[in-house]
Amino acid sequence: MAASGVWATLALAIAGPHVAWMRIGPAVLAGMATVAFLAALMIPRWRWKAVAAWLLLMGGVLVWWNSLTPSNDRDWLPNVARTPWATVSGDTVTIHNIRNFTYRTETDFTPAWYDKSYDLRKLEGIDIVASYWMGPDIAHVFVSFAFAGGEHLAMSIETRTEKGEGYSAIKGFFRQYELYYVVADERDVIGLRTNYRRDPPEDVYVYRIKSNPEGRRAFFLEYVRQINALKDHPEFYNSLTTNCTTNIWTNSHVNPGHLPLSWKILASGHVPEYLFENGRLEDPGLTFADIQRRAHINARAKAAGIVPDFSQRIRKAE
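Below: a short report on this structure. Remember, predicted model here, so these are calculated numbers, not experimental data. (Residues numbered from 1 in each chain as written. Predicted model: local features only at pLDDT ≥ 70, side-chain atom pairs only at ≥ 80, totals over all residues. Heavy atoms only, no water.)

Following both chains from N to C, one finds helix α1 (residues 2-15) and helix α2 (residues 20-40) inclined at 170 degrees, their axes separated by 7 Å at the closest point. The angle between the axes of α1 and α2 places the two elements in the roughly antiparallel class. Touching Ala2, Gly5, Thr9, Leu12, Ala13 and Ile14 of α1 are Arg23, Ile24, Pro26, Ala27, Ala30, Gly31, Thr34 and Leu38, all from α2. (Axes fitted to C-alpha atoms, helices over the stretch in contact; angles between N-to-C directions. Helix = DSSP H or I, 4+ residues; strand = E, 2+ residues; numbered from the N terminus. Parallel < 35°, antiparallel > 145°, perpendicular 65-115°, else oblique. Contact = heavy atoms within 4.5 Å.)

Before going further, it helps to examine the pairing of strand β1 (residues 85-89). Two strands pair when backbone bridges link them, and β1 and strand β2 (residues 92-99) are joined in this way by 5 bridges, in the antiparallel orientation. Across the sheet, residue Val88 finds its bridge partner in β2, namely Val93. (Pairing = 2+ DSSP bridges.)

Here Ala30 is to be found in helix α2. For the pair Ala30 and Asn195, spaced 165 residues apart in the sequence, the C-alpha separation amounts to 46 Å. Once residues within four sequence positions are removed from consideration, Ala30 is found in contact with Thr9, Leu12 and Leu57.

Burial within strand β10 (residues 203-209) is extensive, with 5 of its 7 residues counted as buried. Where strand β6 (residues 123-132) meets β10, 7 bridges bridge the pair, whose relative direction is antiparallel. Residue pairing in the sheet places Ile126 in a bridge with Ile209 of β10. (Buried < 20%, exposed > 50% of the residue type's maximum accessible area, 1.4 Å probe, protein only.)

In this structure the tally under the stated criterion is 1 cavity of 30 Å³ or more. One number sums up the size of the largest cavity: a volume of about 60 Å³. Those elements giving two or more residues to the lining of the largest cavity turn out to be β9 (178-184) and α6 (213-232). For the lining of the largest cavity, the residue count by class is 6 nonpolar, 2 polar and 2 charged. (1 Å grid on protein atoms, 1.4 Å probe; cavity = no way out; pocket = protein on both sides within 12 Å on 5 of 7 lines; lining within 4 Å. Points joined across faces, edges and corners; volume = space filled by probe spheres on them. Nonpolar A, V, L, I, M, F, W, Y, C, P; charged D, E, K, R; others polar.)

A separate point is the side chain of Asn251. Assignment of secondary structure puts Asn251 in helix α7 (residues 244-251). Among all residues touching Asn251, those that are not within four sequence positions of it are Ile157, Tyr181, Phe219, Glu222, Tyr223 and Gln226.

Next up on the list: a nonpolar patch on the surface. Together, Ile170, Phe173, Leu240, Leu261 and Leu266 give the surface a local cluster of nonpolar side chains, amounting to about 450 Å² of exposed area. Inspection of the secondary structure puts Leu266 in helix α8 (residues 263-266). Relative accessible area serves as the criterion here: at 43%, Leu266 is assigned to the partly exposed category. (Patch = residues over 30% accessible without salt bridge, like charges linked within 9 Å, V, L, I, M, F, W, Y side chains within 5 Å. Areas by Shrake-Rupley, 256 points an atom, 1.4 Å probe, with all protein chains shown as cover. Salt bridge = Lys/Arg side-chain N within 4 Å of Asp/Glu carboxyl O.)

What follows is the structure in structure tokens.
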């Protein structure tokens, strides 16, 4: 009763109507009612009445909660304004609305989107990208698919935020953001983090995953299936269950031998270490510390600038 009361209070306070008093008022009442119900449990003759009243309260909150629906039709920020989608014809996948912004600063940029076709027979690698900005335990993790000829396509699972809306991990638990797959050129999604993020700065690492042609193809097509599903049926982002790392783990289930869920997936900064411990990183006899040092790309990215061969330059380890 106490746990559900706390959840209901927070849900009403965070996800309620935009008008403050219409949001905070019901939240305060839910909190006060929970305290009253808990106190009533101490009095035998009131115990079942308290339980019945609590069930009535939670039933009303759940009806309201389930009325919240995700949408693709909102006043989005420019960096998530277009919904990516794909068409598949045999070995050819055409991705629409690939993001490739030109940045002058993190907030000053020229939007650009393009469509491109990829030959699945030329898919030759998968990289895990981990970006850190608040210590070693938390990172934003995403994947980048490597194609023959030095082409790379990054897919980053993020929140879709509206204009005037900032990100909050707490709000992410309460249906405040839609789930969004950023499908982007590496010069955009990696270059933004290495060359333009300043407050706070981010440290970015790129690791190559061990894979085979069948596994790479299945994993890529699962991402394609997900972005097409979100185009037609939007979903809410959740800071715990449907975030950047848990969705990567979920998408990996298309292949046999996927890794079991671990606290190192939830504490996303430890994902590269977890992959190394399970023999999933390409590591020619190196320790994880050596692989991590070689994977750090900030200096190489800054030296390269946003150039056409950006992806090749950031992977030239010293």
